[in-house]
Amino acid sequence: PLVAPTAIRDPALLTGALAEHEAVDDARLAELIARMPYTQALTEGLAFGEAYFPAGSPHGVMPVAVVSSGGDAVIGVELSLAAVEEQLRRQASRGGAALILDERAKLLAGDDAGLIEPSVLAGFTNQVEGWMTLTSGDGEDALVAFAPVSDLGWVAVVAVPLREATLGGRQIAQRTVLIY
């Protein structure tokens, strides 16, 4: 198949969401092409490659390939996970954490805020959902919830310090005691 790769050399020349993308050099373009799931897209119409961190980039990316409407070409794009990471940072409040792990429990986006030990993160590889309480290395108890992310093999993990998660209940209990 004919491959005619095009790279964003200077995002300042672009508008909209494309302007937020990092510039791409020849080495990064070559890595993207090597990771692009073209063959899978030809059989399935759309294919997501394995997310990775390009050399020198602080953000993960995911190669995505889709067959054109005429079926005569495969279009590949690099989706940045920077926006996902920013959203996870906003969601993590009061010392909590929100993160996305890949199928091997490697951090793709977010931050564990020290609430979850790396050895525990390694256990979030199965496509299950649930919650648990954990004690971090510095002795802080946390409520941790986890769930699979679609068919990507990823896991979303949210952790909140137990003192914050139970604050409302403790306040109600204190008010109840004061009433009686």
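In this text the structure is predicted, and so the values were computed from the model without any measurement.

### Side note on the pairing of strand β3 (residues 74-80)
Item 1. One ladder, built from 7 bridges, connects strand β2 (residues 61-67) with β3; its direction is antiparallel. Residue pairing in the sheet places Val61 in a bridge with Ser80 of β3.
Item 2. With antiparallel pairing between neighbouring strands as the criterion, β2 and β3 make up a hairpin whose turn holds 6 residues, including Gly71 at a positive phi of roughly 75°.

### Comments concerning the environment of Leu115
Item 1. Mapped onto the elements of the fold, Leu115 is located in the loop between β5 (107-111) and α4 (118-121).
Item 2. It is 9.2 Å that separates the C-alpha atoms of Leu115 and Leu143, two residues lying 28 residues apart in sequence.
Item 3. Apart from the residues lying within four places of it in its own chain, the contact partners of Leu115 are Gly95, Gly96, Ala97, Ser136, Glu140, Ala142, Ala159, Val160 and Pro161.

### Notes on a nonpolar patch on the surface
Item 1. A surface patch of nonpolar side chains, about 460 Å² in accessible area, is lined by Leu46, Phe48, Val66, Ile75, Val77 and Leu79.
Item 2. Residue assignment for the nonpolar patch shows that the elements contributing at least two residues are β1 (46-48) and β3.
Item 3. Examining the composition of the nonpolar patch, we find that 3 residues originate from one element, β3, more than from any other.
Item 4. One can find Val66 in strand β2.

The rules behind the values
Residues numbered from 1 in each chain as written. Predicted model: local features only at pLDDT ≥ 70, side-chain atom pairs only at ≥ 80, totals over all residues. Heavy atoms only, no water. Pairing = 2+ DSSP bridges. Helix = DSSP H or I, 4+ residues; strand = E, 2+ residues; numbered from the N terminus. Contact = heavy atoms within 4.5 Å. Patch = residues over 30% accessible without salt bridge, like charges linked within 9 Å, V, L, I, M, F, W, Y side chains within 5 Å. Areas by Shrake-Rupley, 256 points an atom, 1.4 Å probe, with all protein chains shown as cover. Salt bridge = Lys/Arg side-chain N within 4 Å of Asp/Glu carboxyl O.

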